[in-house]
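# Fold and geometry: a report
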Amino acid sequence: MRKKILVTLDKIEDTVLIVMFMAMVGIIFFQVIMRYIFNNSLSWSEELGKFLFVWLSWLGISIGHRKKEHIRITLLVDKLPNKLKHLAEALTELILIFICGITMYYGFNMINIQINVPYAGIKISTAWGYLSLVLGCGIFIIRAIAYFIEAVKNMMKNEIIS
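Every value quoted in this text rests on a predicted model; they were computed, and no experiment measured them. (Residues numbered from 1 in each chain as written. Predicted model: local features only at pLDDT ≥ 70, side-chain atom pairs only at ≥ 80, totals over all residues. Heavy atoms only, no water.)

To continue, consider the environment of L42. Topologically, L42 is positioned in the loop between α1 (2–36) and α2 (45–66). Accessibility expressed as a relative area gives 18% for L42, which makes it buried. Note: C-alpha distance between L42 and I27 (15 residues apart in sequence) is 10 Å. Discounting chain neighbours no more than four positions away, the residues touching L42 are F30, Q31 and M34. (Helix = DSSP H or I, 4+ residues; strand = E, 2+ residues; numbered from the N terminus. Buried < 20%, exposed > 50% of the residue type's maximum accessible area, 1.4 Å probe, protein only. Contact = heavy atoms within 4.5 Å.)

Here it is as structure tokens:
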């Protein structure tokens, strides 16, 4: 069940990020064409491009975690026995869950504060930008919980403590 949820989440996440990236590139390309060929700048395109970039960044942190491509310093962990490596991984996931939880809390606060403040160019609430932070951290937490459970299971399987 857990794997099925994560696979579905992966597909949705990949699709949304690909569509957002294509939209961002298309909008910025269209703005460049309008500005340099037609001498007419669009008032909303740069802001929408930045908005999409923020969404891509916050949703993308989960993909980085899924592929385990975030920067890690493993000098000490690499020298530990297997069981302790799994323990260190489980503790790392708990710390990440805690940090993302705090970030989500303040993200919700910012959504409430900014709900009536619109972006100047695209005329939507700035709360939509902060929603990307909340969703990105929420998805990250789901993935971190799954990796925490996996690390604990791996730790329990190892019988030898060196």
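Applying the stated criterion across every chain yields a total of 7 salt bridges. One salt bridge connects D14 with R66, and the closest N-O pair in it is separated by 2.7 Å. Residue D14 is found in helix α1, and its partner R66 is found in helix α2; the two are separated by 52 residues along the sequence. For D14, a relative accessible area of 29% corresponds to the partly exposed category. Ionic pairing is found between E89 and K68, a salt bridge with its closest N-O pair at 3.3 Å. Placement of the pair is E89 in helix α3 (residues 82–114) and K68 in the loop between α2 and α3, with a sequence separation of 21 residues. Since its relative accessible area comes to 21%, E89 is described here as partly exposed. Several salt bridges share partner residues, and in doing so they unite D10, E13, D14, R66 and R143 into one network. (Salt bridge = Lys/Arg side-chain N within 4 Å of Asp/Glu carboxyl O.)

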